[in-house]
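One-letter residues, chain by chain:
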Amino acid sequence: MNRPNIIMIMTDQQRFDAMGCVNPTVITPAIDSLAREGILFDQAVCQCPMCVPSRNSLMFGMYPSQTGVRTNRGALLDESRLPAVPLPQLLHDAGYFCAGFGKTHWNNTRPGGMGSRRGFDVRAEGQSRQSILCEEGAVMMDDEDPEGLTAYYEETAEFGSGEENALGYIGKPSSLPKEHHRDGFIHKKCIEFLDSYQPDGRPLFLYFSLIKPHAGFNIPPEFENMYDLSAIPDIPAPPWQEEPDTHIVAAMKASASLHDVHYRRREVLDKLSAEEKRRVTLRYYANCTFMDFFISDVLHKVQEKGLDKNTLFVFLSDHGEMLGERDNRYSKYCLFDSSVRVPLILAGDCLSPALHGTRDSRSVMLTDLVPTLCAAAGIQPDPRLPGKNLLDTWQRSGAFCEFHGGGTERVPPAPAWMWRNAQYKLILFRDGSVLDDTALRGELYDLKKDPHEWNNLYHTPEYQAVRAQMTLDLLAHISTAFAKGPAFGDYRGLEPLTPPEE
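From a predicted model like this one, the values you see are computed outputs, not experimental measurements. (Residues numbered from 1 in each chain as written. Predicted model: local features only at pLDDT ≥ 70, side-chain atom pairs only at ≥ 80, totals over all residues. Heavy atoms only, no water.)

Novice: Quick question: what am I supposed to make of the overall build of the protein here?
Specialist: Counting its secondary structure elements, the protein contains 16 helices and 15 strands. Computed over C-alpha atoms, the radius of gyration of the protein comes to 22 Å, within 12% of the 23 Å expected from 2.2 N^0.38 for 502 residues, which places it in the range of a compact globule. Relative to its 502 residues, the protein shows a buried fraction of 59%. Across the protein, contacts joining residues at least 24 apart in sequence account for 71% of those joining residues at least 6 apart. Here the protein carries 51 positive and 68 negative side-chain charges, and the mean point of each set is 2 Å from the other. (Helix = DSSP H or I, 4+ residues; strand = E, 2+ residues; numbered from the N terminus. Rg over C-alpha atoms; globule rule 2.2 N^0.38 Å. Buried < 20%, exposed > 50% of the residue type's maximum accessible area, 1.4 Å probe, protein only. Contact = heavy atoms within 4.5 Å. Lys, Arg positive; Asp, Glu negative; His and termini not counted. Charge placed at Lys NZ, Arg CZ, Asp CG, Glu CD.)

This is the structure we're talking about:
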């Protein structure tokens, strides 16, 4: 089998519609070129609307409730007890040379230690060596450019934790050269690797993962100046001042941290004029363009080195961004589309030319990537995984996402679960914490008629058949998925899950 190179390009917190191929206002020529040369999955969703559980779910091919990493405070610290083999290790063990540049966000580092590279032969990160994201043998930004990293931290100090307080979203023009941004360091190390890379007969898995367009919005002026403020639309305003009784409200009642973060942002952002709010949106789009600049450079270098031949390209993000929707709500941490839908593109010359420039509107998930890349690499996928090969012809009735609060709570809020297809979305949730036995509540949205998810139809009589079917589909899917993994308890191990050989 002539196994393809796999080039995976990932951003952080990029909305599904923050690409030029979906929204012409956004300038992303490199990402658009991948869409022209492949398949855009225009209904893709993540499995948890925050970085750490989404990325663990993606890399292990399992849902957050299967990996056990449900929030940004979660981590798998014992390498001997992982729920499955992570993607880079799968590819490494199958004979791939695996090079990873940028954010994995495993969170698998104990204080003062270094985490496993989990299959990567080469690693570089745009973080400090003191970060909990430091991996064994990785080149960290302060190893080679401590002055640049210090300058970056000084420029963003007022943006707060994660660079996402109100000032982080309001943003400002950056005074730093591109290479002193953390993504600039990630880009530099990736280009250096490609310049020196000499294939040794093994196919290449290249993972290029950027930290933004996640806030903060300190944008080099050249990218901000590419946009005209008068062309930026206002964020659609819902017919209320405060969020109605949805899963977000239930989570904020159960989590003081989720409540306080949101209202601290609102205290500042509510006072912005319409023009100032458009500037926030403009800077988010400019951040996407900034990331596209680095992506373009890597794609050109891949082509220059001839590594685009017999190659499968993947572009994705880990979750979306609310960007001021629903009463000036920013960041993610909810199950609405702007938070859970993600860009997902497969491209390259190993796809049939008939698929180039096409759109696929099936209900796909980021957990489908491990089975897809296993199939491309000739690896037998773990039968416990809930995902499917994206290049096969199948249909599922919906896609799953789960939400367990922000991770700072002493007792987690009760979970909320989503089941979504192209027309309808069901959200089931409970009030209180995981310790409370409260009544099940729900939301149902007709996404065709109500794309902003403002009109909850859960109790509307004419939608009761839809609600019942969506509930059955959700329960059927997760009961089957959770019964398989991560630990199948039968004494025969995985044997009952393996189809008999014909």
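Next comes the rest of the write-up.
Novice: What is the right way to look at the pattern of salt bridges in this model?
Specialist: Where side chains of opposite charge bring their charged atoms close, a pairing between them can arise. One pass over the full model with this rule turns up 37 salt bridges. With a shortest N-O distance of 2.8 Å, R15 and D17 are connected by a salt bridge. The residues R15 and D17 share a single accessibility class, namely buried. In this structure, a network of salt bridges that share partners links the residues D337, R341, R420, K425 and E453. (Salt bridge = Lys/Arg side-chain N within 4 Å of Asp/Glu carboxyl O.)

Novice: Where do I start with the packing of helix α8 (residues 182–196) against helix α12 (residues 274–304) in this structure?
Specialist: In helix packing, the relevant descriptors are the interaxial angle and the interaxial distance, both defined with respect to the helix axes. Closest axis-to-axis distance for the α8/α12 pair is 10 Å, and the angle between their directions is 5 degrees. Relative to α12, α8 is oriented roughly parallel. Along its contact with α8, which presents D183, G184, H187, C190, I191, L194 and D195, the element α12 presents M291, F294, D297, V298, K301 and V302. (Axes fitted to C-alpha atoms, helices over the stretch in contact; angles between N-to-C directions. Parallel < 35°, antiparallel > 145°, perpendicular 65-115°, else oblique.)

Novice: Help me out: how do you make sense of the sheet that holds strand β11 (residues 358–360) in this one?
Specialist: Two modes of strand pairing occur in sheets, parallel and antiparallel, and in both the strands are linked by backbone hydrogen bonds. Read across the sheet, nine strands follow the order β5-β4-β3-β7-β1-β9-β10-β2-β11 without closing on themselves; strand pairing throughout is mixed. The open sheet has two free edges, formed respectively by β5 (139–140) and β11, since each of these has just one partner strand. The strands that helix α1 (residues 29–36) touches are β2 (38–41), β9 (311–317) and β10 (344–347); relative to β10, the one it contacts most, it runs at about 60 degrees. The strands touched by helix α2 (residues 51–60) within the sheet are β1 (5–12), β7 (204–213) and β9, with β1 carrying the most contacts at an inclination of about 165 degrees. (Pairing = 2+ DSSP bridges.)

Novice: Teacher, can you tell me more about the pairing of β10 here?
Specialist: Residues in a regular strand point their side chains to alternate faces of the sheet. Side-chain alternation along β10 places L344 and L346 on one buried face and I345 and A347 on a second face that is also buried. Note that β2 and β10 share three bridges and pair antiparallel. Among the inter-strand pairings, G38 is bridged to a residue of β10, identified as A347. Note that β9 and β10 share four bridges and pair antiparallel. Considered in β10, the bridge of V314 is made with L346.

Novice: Looking at this structure, I do not really get the side chain of N421. What am I missing?
Specialist: As for its placement among the helices and strands, N421 is situated in the loop between β13 (416–420) and β14 (424–430). You can call N421 buried: its relative accessible area is 17%. Here Q423 takes part through its backbone nitrogen, which lies 2.9 Å from a polar atom of the side chain of N421. Engagement of the side chain of N421 in a polar contact is seen with the backbone nitrogen of Y424, the distance being 2.7 Å. Here N421 is in contact with S363, S397, G398, L447 and M470, once residues within four sequence places are set aside. (Polar contact = N/O pair within 3.5 Å; in protein donor to acceptor, adjacent residues only side chain to side chain.)

Novice: Please explain helix α15 (residues 369–377) as it appears in this structure.
Specialist: Extensive coverage of α15 is indicated by the burial of eight of its nine residues. Every buried residue belonging to α15 is among L369, V370, P371, T372, L373, C374, A376 and A377, and all of these are buried. Contacts made by the buried residues of α15 are with β1, α2, α4 (87–93), β9 and β10. Of the residues flanking the end of α15, it is G378, one or two places downstream, whose phi is positive at about 75 degrees.

Novice: Can you help me understand the pairing of β14 in this one?
Specialist: Among the seven residues in β14, six count as buried, and that is most of the element. In this structure, β13 lies alongside β14, joined through five bridges in antiparallel fashion. Across the sheet, residue R420 finds its bridge partner in β14, namely K425. Between β13 and the antiparallel strand that follows it, β14, lie three residues. Pairing geometry for β14 and strand β15 (residues 440–446), over seven bridges, is antiparallel.

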